[in-house]
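# Examining the three-dimensional arrangement
Read off the chains here:
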Amino acid sequence: QQTESDTIPKDVIASQDPAPQSTAEPNSAVNVIVSTGPATTGVPNVVGMDADAAQSALQSAGFNVARAYTVDAANPTGKISLQQPEAGKKVKKGATVTTFVSVSGSIPDVTGMSVADAKRALIDQGYQIGNTAYTQDSSLQDGQVVRTEPEANASVKPGESVNLTVMRSGG
């Protein structure tokens, strides 16, 4: 007899009957249950979802999630374009599923946004947030992003850092 278990490794005796240390007649049967290893489950299809929804769906199904980015300048949907392992594949719970977010590969224009909105827009395109500098030399309102370095629309591969310059009014 075999059983799936989240904790017992494959091919290990999971249980037996009669129990250990009990008395049994010589030549009588002892039933053992052998573990087939951690339970496997089908990977849900997250292609076409936005990154956060995909992460929630995969985590709910018992998987870890790694986020990667794929540059598709012609069609940067910001949604999952590919997943590994692919949907429906049976893998162990707790395995990592890598989701690939389709991004433009260029810095979004976040001028005039709040710092929080600018950071979210940059992170959604696969960029890290670098340093934040402040300036009083702008007609924008306090707390709005004046510029990025590299500048908006620069072709920069995901994973790179982007620095923000933010308006801080005097006083």
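First, a word on what this report is: a plain description of the structure on this page. (Residues numbered from 1 in each chain as written. Predicted model: local features only at pLDDT ≥ 70, side-chain atom pairs only at ≥ 80, totals over all residues. Heavy atoms only, no water.)

### Here we look at the environment of Ile80
Short version of the rule: Strands here mean DSSP runs of E at least two residues long; helices mean DSSP runs of H or I at least four residues long; both are numbered from the N terminus. Only protein chains enter the accessibility calculation, which uses a 1.4 Å probe; a residue whose area is less than 20% of its type maximum is buried, one above 50% is exposed, and one in between is partly exposed. In what follows, a contact means two residues having at least one pair of non-hydrogen atoms within 4.5 Å.
Mapped onto the elements of the fold, Ile80 is located in strand 6 (residues 80-84). Since its relative accessible area comes to 3%, Ile80 is described here as buried. It is 9.7 Å that separates the C-alpha atoms of Ile80 and Ala53, two residues lying 27 residues apart in sequence. Ignoring sequence-local partners within four residues, the contact set of Ile80 consists of Val46, Val47, Gly48, Met49, Asp50, Ala51, Ala54, Thr99, Phe100 and Val101.

### Digging into the environment of Asp72
As for its placement among the helices and strands, Asp72 is situated in the loop between strand 5 (64-71) and strand 6. Here Asp72 falls in the partly exposed class, since its relative accessible area comes to 31%. Setting aside anything within four residues of it in sequence, one finds Asp72 in contact with Ser102, Val103 and Ser104.

### Looking at the pattern of salt bridges
In plain terms, the rule: In the sections that follow, a salt bridge refers to a side-chain nitrogen of Lys or Arg positioned within 4 Å of a carboxyl oxygen of Asp or Glu.
The final tally for this structure, using the stated rule, is three salt bridges. Asp124 is the salt-bridge partner of Arg120, the closest N and O atoms lying 3.1 Å from each other. A residue pair is termed a helical-turn pair when its members lie 3 or 4 positions apart in one helix, as Arg120 and Asp124 do in helix 2 (residues 115-124) at four residues. A relative accessible area of 42% places Arg120 in the partly exposed class. Here Asp124 falls in the partly exposed class, since its relative accessible area comes to 35%.

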